[in-house]
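Observations on chain architecture
Single-letter residue listing:
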Protein chains: 2
Amino acid sequence: MASDLFESSDSLRTGRPLRHARTFALPGPLPLELGEELQGVTVTYETYGRLNEARDNAVLICHALSGDSHVARHTADDDPGWWDLVVGPGLSIDTDRYFVICANALGGCRGTTGPNSLNPATGKIYGADFPTITTGDIVEVQRLLLDHLGIDRLLAVVGGSMGGQQALTWAVRHPERVAGTVAIATSARLTTQALAFDVVGRNAIQRDPDFRGGRYLSENTTPAVGLALARMLGHITYLSPEAMRQKFGADRLRPRELATMFEKRFSVGSYLAYQGDKFVERFDANSYIRLSLAMDLFDLGETLEALSENLGRSRCRWLILSFTSDWLFPPGQSQDLVRALIARNKPVSYCNIASSCGHDAFLLPDELPVYGGFMRAFLQNLRGASGPTEEEDAVDADAPTSIFGALRHPRIDYNQIVRLIPRAASVLDLGCGRGSLLVRLREEGNRKLVGLEINEEDVLRCLERGFDVIQADLNSGLEIFSDAQFDCVVLSHTLQAIRDVELLVSEMLRVGRRSIVSFPNFAYHKLRRMLQEEGKAPISSGLLRHEWYNTPNIRFLSIADFEDFCRDHHITIHKRIALDTEEGRVVTEDANLMADMALFVISR
Amino acid sequence: MASDLFESSDSLRTGRPLRHARTFALPGPLPLELGEELQGVTVTYETYGRLNEARDNAVLICHALSGDSHVARHTADDDPGWWDLVVGPGLSIDTDRYFVICANALGGCRGTTGPNSLNPATGKIYGADFPTITTGDIVEVQRLLLDHLGIDRLLAVVGGSMGGQQALTWAVRHPERVAGTVAIATSARLTTQALAFDVVGRNAIQRDPDFRGGRYLSENTTPAVGLALARMLGHITYLSPEAMRQKFGADRLRPRELATMFEKRFSVGSYLAYQGDKFVERFDANSYIRLSLAMDLFDLGETLEALSENLGRSRCRWLILSFTSDWLFPPGQSQDLVRALIARNKPVSYCNIASSCGHDAFLLPDELPVYGGFMRAFLQNLRGASGPTEEEDAVDADAPTSIFGALRHPRIDYNQIVRLIPRAASVLDLGCGRGSLLVRLREEGNRKLVGLEINEEDVLRCLERGFDVIQADLNSGLEIFSDAQFDCVVLSHTLQAIRDVELLVSEMLRVGRRSIVSFPNFAYHKLRRMLQEEGKAPISSGLLRHEWYNTPNIRFLSIADFEDFCRDHHITIHKRIALDTEEGRVVTEDANLMADMALFVISR
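Residue and element names in this part refer to chain B. Closest axis-to-axis distance for the helix H4 (residues 192–206)/helix H5 (residues 224–238) pair is 7 Å, and the angle between their directions is 160°. The orientation of H4 relative to H5 falls into the category roughly antiparallel. In the crossing of H4 with H5, the sense of the turn from one axis to the other is right-handed. Every residue of H5 that contacts H4 at Phe197, Val200, Gly201, Ala204 and Ile205 is listed here: Gly226, Leu227, Leu229, Ala230, Leu233, Gly234 and Thr237. Classifying every residue of the contact of H4 with H5 gives 8 nonpolar, 4 polar and no charged.

Our next topic: the environment of Ala340(B). Structurally, the position occupied by Ala340(B) is in helix H10 (residues 331–343). Between the C-alpha atoms of Ala340(B) and Phe378(B), which are 38 residues apart in sequence, the distance is 20 Å.

Moving on to the interface of chain A and chain B. Residue-level contacts link 57 residues of chain A with 57 residues of chain B. Among the secondary structure elements, those contributing two or more residues to the side of chain A that touches chain B are helix H4 (192–206), helix H5 (224–238), helix H6 (241–248), helix H7 (267–282), helix H16 (501–511), helix H17 (525–534), helix H18 (559–568) and helix H19 (591–594) of chain A. With 11 residues, H4(A) is the largest single contributor of residues to the side of chain A that touches chain B. Its residues assigned to classes, the side of chain A that touches chain B comprises 34 nonpolar, 12 polar and 11 charged.

Moving on to the nonpolar core. Val59(A), Phe374(A), Ala598(A), Val59(B), Phe374(B) and Ala598(B) are the most contacted members of the largest nonpolar core, which has 388 residues in total. Non-local contacts of Ala598(A), meaning those with residues more than four positions away in its chain, are made with Ser518(A), Phe519(A), Asn521(A), Ile559(A), Arg576(A), Ile577(A), Ala578(A), Leu579(A) and Ala591(A).

With that settled, the discussion passes to the packing of helix H11 (residues 368–382) of chain A against helix H15 (residues 456–464) of chain A. All names here are of chain A. H15 packs onto H11 with a crossing angle of 20° between their chain directions and a minimal axis gap of 9 Å. Judged on the interaxial angle alone, H15 and H11 are roughly parallel. The two elements H11 and H15 cross, and the hand of that crossing is left-handed. For the pair H11 and H15, contact is made by Val370, Gly373, Phe374, Ala377 and Phe378 and by Glu456, Leu460, Leu463 and Glu464, respectively. Taken together, the residues of the contact of H11 with H15 break down into 6 nonpolar, 1 polar and 2 charged.

Let us look at the relation of the copies chain A and chain B. Superposing chain A onto chain B takes a rotation of 180° combined with a translation of 0.0 Å along the rotation axis, leaving an RMSD of 0.0 Å. Taken together, the rotation and translation relating the two chain copies correspond to the operation of a two-fold axis. Across chain A, the smallest distance between a C-alpha and the rotation axis is recorded for Ile554(A), namely 2.3 Å. A high fraction, 100%, of the interface residues of chain A reappear at the interface in chain B, so the copies pair face to face through one surface.

All names here are of chain A. According to the domain assignment, chain A contains domain 1 (5–381) and domain 2 (389–603). Using only C-alpha atoms to locate each centre, domain 1 and domain 2 end up separated by 43 Å. Taken together, the contact between domain 1 and domain 2 spans 19 residues of the former and 13 residues of the latter. Every element with two or more residues in the side of domain 1 that touches domain 2 is listed here: helix H10 (331–343), strand S14 (348–353) and H11. Of the residues contributing to the side of domain 1 that touches domain 2, the split by class is 13 nonpolar, 5 polar and 1 charged.

Rules used in this analysis
- Residues numbered from 1 in each chain as written.
- Chains lettered and ligands numbered in written order.
- Predicted model: local features only at pLDDT ≥ 70, side-chain atom pairs only at ≥ 80, totals over all residues.
- Axes fitted to C-alpha atoms, helices over the stretch in contact; angles between N-to-C directions.
- Helix = DSSP H or I, 4+ residues; strand = E, 2+ residues; numbered from the N terminus.
- Parallel < 35°, antiparallel > 145°, perpendicular 65-115°, else oblique.
- Left-handed = near helix turned anticlockwise from the far one by under 90°.
- Contact = placed C-beta atoms within 7 Å.
- Nonpolar A, V, L, I, M, F, W, Y, C, P; charged D, E, K, R; others polar.
- Core = buried A, V, L, I, M, F, W, Y, C linked by C-beta atoms within 7 Å.
- Buried ≥ 20, exposed ≤ 12 C-beta atoms within 10 Å, placed from the backbone.
- Least-squares fit on C-alpha atoms with pLDDT ≥ 70 in both.
- Domains from an automatic or database assignment.

Pasting the structure below:
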């Protein structure tokens, strides 16, 4: 087992002093959501980069359960930060451009007032007397800090896991103060499973005899066993099963030699013991209980309705990121956030990033190019710095979009589609690829544009081009969208690759007032002739350039077939445009024979 | 929250006396695998039904971690058994037919010698002095019990979870004494994640100050907190996230009123507290540690090679069952068992049963018709009681197998296939459906037949017909099979529905010495004419009876296309048979035009 395994999952240093931290004392008492009031609260925070003159380049980063304000190194010889991968000059959250703020959470144990602070009313450490706090309270302290720093509006608030819950809270509670929200590996409420793990962890701490009802500091004990058990449990949930197998599967019976009071029999056991012991050295049990309870109490709504009601208050752009192997905050929960935001027509981009790293993925280098790239592009979009470049469009135009892939009359289909869509219309482009149709529509003046795409790289590319884009599989339907949410839904050259055609078309008709569908015409005379004369599956240099056994096209339909389909399914055809993409012209007669492509405008 | 939630997941009664249990004292000392020896071991067990004269109807059931010998009620007024759903007169494990034996595990706390038994050497309770035991030791005690009962050979050994590990051990250690093995929701070794949970559970117990190094009984304490924490953790792992959400998601903040020392804030918290407290009343902490460690140490091999080596010793038929939502013993681990067995040509059937119940599924009624049905059929097969009925074959023959679905000449393709396969050949039928081709081959005298099918009901149907059948998705390849494992691999009327044709055909050629592929010919003259004259996707009353938008057929190929494919991929065509299924004849001339179906015999 490589020695760095024991370090890598725990991105925090042991409890060294925060050399670059500053402190701010709240001017008055802090009323808490659940009813009490805290006196003499101080906030410990760090900043990176410079606030610009317009004071509009501030990015607030919210740390996770065991994090702190030291998000990154300030200098080369500084202690490592927990997000050195992401925050720094030239990095995804670029401290040359942005003024980054990170504050220790209220209730924590790294400087901001928490259970191990002195209670001014008694002159003793709070300990058990520290009240139950909420995510809202943590955010309220951050808000007062921003007031103190003279920042009216954040360019963005960014957080993962518990930090993501704070980011969500910012967007909902202070919509006027947030231009963009980045919520990573988080959710509107914990899963019952995650909640259950927290309960077991707290029970382990609270029932440790050395916990002394929370008064362990004044009684000179430490609930080391309970806190270590809670941390061990946490570590299991931060890693994916696959990551655990890779780290500890092969040398299962070869634990590392450790001085620990815990079981030393298995290699994964020595890892957990190490993480548990180390955590006890640097974290406070009462803080752990307060912060984990704040996470458990966080709840923006169980139902879509409740969640939409809450998220509907936001007025920012959104970036939601999840990781495929995260089972503590499973991707479905991020998708619930996306669904609720879309229900309120909020601008949101989303990607479920392929990763085997589990919940910890956003702290690790493995998927950094992806999640870092998303954050970088999103922040740039917030500053209005994005847009397409000609070079990229040229590359994009190479993709064949007609049966014979003729480049003599490129994008004749796009010309037609763009003409069919009013400038004020909101448009959803299904299977938007790298956004070439969206770019065309934006050039025409359309502003309410959303793309949907399955490919991770293409999704990122669309975001970089400034679009709101959702990663999703068309074959799963469009359930994240509401009825009649868009003026126009476009399915361009994709119908023939769809498994459940009836589902998707019915979903398009539900979500869009009008839908535009384009597809290659399988009954085009040249294709008919191929089967008739050669007795082989038709093939061409363009869309049908694949072989019968590896083509992405799995549905073969003609214009006549689609018309039958519409008739049988009571779908109204408003317009049909048949194209000869080889000649670059509209076909008006004998379309099912003479057109290699067709566009339909339909509705229910 | 319904009150029965608190009962349902824990299928065990509290520690009432086992009224119907008998006891057997081992005649000599028991040498343990890890080196020590136990004196004066007694086994507590229960039996159901009657041993027949041939003494060949005995079924040994191995219980899970917290189970006991009371697998089912003996009488209507008896205490409930933990598998009353499955074991009893007329049930899946039918006590009218089989003699069922269930023994308490060595190291447990329900009668068989364990840590809370008296140590004859000292006259005191073993406690901490009870040695570390292995699954092999548990099985050895069961073996001595069978000797005592005069049973040379078990019809079957059946077990789920920890019981499944014992069943695997039986098959490997005592191949001559087991005719069939049923391994449910189990694995050859725990996942690292499952191992990690066990480590945390044991740490909670061992570091509870009341554990007293295991001497708690003699010091009149109980490590109640630690044991309860371990049990809480266990309960989380037994349920799927989805099941937890359903049970505790909606009323998250409404816990049940309980007298407990644990946190009572959330509904799932009160459930865990209840399960933890209840477990402490009926289970012994030292037993928990010994049994969970036995599970952790169980290891039939990390690699396929090691696992095959071990499972290769077995001489029984196998039934492996997993559940889709089981994350403690994930289905991939059962598939590893299947892969290792197949690598040694062992007769095995497998199904990954669709369930949202998690690891506990095999104890719950939800999927009982499926897992119970599999066990019933498997046991019947072991007694040679199965086979096809005419009625079933008639129903099966209705499925269209030619383009035009002509019934005038049914199964003309099967006639050809059966003729092509030597009687002694081993055959793998891919996409075997309900087994109609397998039945034909068996009628011809073929004995080495294996089916592969994705549909759960069809898999069960094949097992009921007496075949070994593996549930798998053809689109995932045939990686569970070794090179050249079968004389013949058949893909009958399925090629046109395959997504990754190149992968599957290449896999067939790897696994079979010869492969037979049959498919509808898309260039059949009637189909050509449809596209040519009507300009629509060809459709028919048979195989192509679906519409273009909902057909399972996604690959359209002709005889000529397939020949090109073979040429381009360096595949040898040994034989081609073209059929006119409408006329019921072999087509010898102009096949690509005149045949509606073709069969190819190919190899690499």
